[in-house]
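The chain contents come next:
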Amino acid sequence: MNGLRHRIRGRLASLAGVVALLTAVLTGVTAGTANAAPAAAPARAAVSAQAAAGIGWICNGAPVTPGYVLTSHTNSGCNGAGMWWQTPVRDGIWTCATSPIPAGYVLSGHNPTGCDGYDSWYMRLPVDGLWTCGTSPIPPGYVITQHAGSGMGCANIDAWFMQRARDGLWVCAGSPIPPGYVTTGHNINGCGGIGSWFEVVARPGLLVCPNVPIPPGYRLGNYSGSGCNGLGGWYLLRS
């Protein structure tokens, strides 16, 4: 009887040892997995952050996130439709010709072979005294004062010299007229033959050119055929 009890106790001890060993193994594997997880987390977090920011490839025809531009193109992907790489706009970036131009930015350079053959444009924030491409928007508060038809600075695209508006500038025909300004003179040969207009800050008594936007607080008075270098004009009066 004592021998039987001794054998049973031995088997139970062996079984307890196996259970303890299995527990240790399983605990070790679980701990190893938990310890390994944080090592991979930064890579996943970086990808997730980039995706959340909207940076990456989008299919041809998909809307571009506001404030983003397209900088690269590939014909592969999207079931053969092609893809564009979108990224947040910044001051000084080459963009594809199909890219939107966020408000406040201008184009000052051109590469006819860039962006996988789609043409690329150098996008930047405006400064006073900058040559811009003919396709560039003109931000509020700026005017165009010179023209270069030889493609100066824009690879066979006409270029325009952009300046901040100020009192007493000759501006090219087609230049914006900022709020509060009027034109009082005309030079048919100005701006490289395109024609130019003398732009000044509005004030009472000026003889302004035809078809000029009248600033708030003013009205047109008597007409004079000698105004605006023979084009005729009206005296500007307070309303």
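Residues numbered from 1 in each chain as written. Predicted model: local features only at pLDDT ≥ 70, side-chain atom pairs only at ≥ 80, totals over all residues. Heavy atoms only, no water.

Peer 1: Explanation requested: the overall build of the protein chain in the structure shown.
Peer 2: Across its full length, the protein chain carries three helices and 15 strands. Out of the 239 residues belonging to the protein chain, those deemed buried represent 32%. When contacts within the protein chain are restricted to residue pairs at least 6 apart in sequence, long-range pairs at least 24 apart make up 47% of them. With the model as given, the accessible surface of the protein chain reaches about 13,500 Å², and the carbon-plus-sulfur share is 60%. (Helix = DSSP H or I, 4+ residues; strand = E, 2+ residues; numbered from the N terminus. Buried < 20%, exposed > 50% of the residue type's maximum accessible area, 1.4 Å probe, protein only. Contact = heavy atoms within 4.5 Å. Areas by Shrake-Rupley, 256 points an atom, 1.4 Å probe, with all protein chains shown as cover.)

Peer 1: Please explain the sheet that holds strand S7 (residues 130–133) as it appears in this structure.
Peer 2: Across the sheet, which stays open at both edges, the three strands sit in the order S7-S9-S8 with antiparallel pairing between neighbours. Of all the strands in the sheet, the pair left with one neighbour each is S7 and strand S8 (142–148). Across the sheet, the mean angle from the axis of one strand to that of its neighbour is 40°, orientation sign disregarded. The pairing of S8 with strand S9 (residues 159–164) spans six bridges and is antiparallel. Across the sheet, valine 143 pairs through a bridge with glutamine 163, a residue of S9. (Pairing = 2+ DSSP bridges. Axes fitted to C-alpha atoms, helices over the stretch in contact; angles between N-to-C directions.)

Peer 1: What exactly am I supposed to notice about the nonpolar core here?
Peer 2: Burial of nonpolar side chains together is a common tendency in soluble globular proteins. Val182, Val200, Ala202, Leu206, Val208, Cys209, Val212, Tyr218, Cys228 and Leu236 together form the largest nonpolar core, which totals 10 residues. Not counting residues within four places of it along the chain, the set of residues in contact with cysteine 228 comprises Thr184, Gly185, His186, Trp197, Cys209 and Pro210. Among the nonpolar cores identified, the runner-up in size contains nine residues, and Ile93, Trp121, Met123 and Cys133 belong to it. (Core = buried A, V, L, I, M, F, W, Y, C linked by side-chain atoms within 4.5 Å.)

Peer 1: Where do I start with the confidence of the model for the protein chain in this structure?
Peer 2: In regions of low pLDDT, the predicted coordinates are not meant to be interpreted in detail. For the protein chain, mean pLDDT is 83; residues scoring 70 or higher make up 77% of the total. A low-confidence stretch, residues 1–48 (pLDDT under 50), is modelled with one contact involving residues beyond four sequence positions or located in other chains. (pLDDT = per-residue confidence, 0-100.)

Peer 1: Would you mind showing me how to read the state of the cysteines here?
Peer 2: By definition, a disulfide links two cysteine residues through a covalent bond between their sulfur atoms. On inspection of all chains with the given rule, the structure shows five disulfides. In the protein chain, numbering the disulfide-bonded cysteines from first to last in sequence yields the connectivity 1-2, 3-4, 5-6, 7-8, 9-10. (Disulfide = S-S within 2.5 Å.)

Peer 1: Help me understand the pattern of salt bridges in this model?
Peer 2: A side chain with one charge can pair with a side chain of the opposite charge if their charged atoms come near. Under the counting rule described, the total for this entry stands at one salt bridge. Note that arginine 203 and aspartate 167 form a salt bridge whose closest N and O atoms lie 3.6 Å from each other. With arginine 203 in the loop between strand S12 (196–201) and strand S13 (207–208) and aspartate 167 in the loop between S9 and strand S10 (169–172), this pair connects stretches of sequence that are 36 residues apart. (Salt bridge = Lys/Arg side-chain N within 4 Å of Asp/Glu carboxyl O.)

Peer 1: Looking at this structure, I do not really get the sheet that holds strand S11 (residues 181–187). What am I missing?
Peer 2: Sheets are built from strands that pair by backbone hydrogen bonding, the pairs being arranged parallel or antiparallel. Judged by pairing direction, the sheet is antiparallel, and its three strands sit side by side in the order S10-S12-S11 without closing on themselves. A single partner strand is all that each edge strand has here, and the edge strands are S10 and S11. For this sheet, the mean angle separating the axes of adjacent strands, direction not counted, is 40°. Across four bridges, S10 lies against S12 in antiparallel orientation. Opposite cysteine 172, over in S12, you have serine 196 as the bridge partner.

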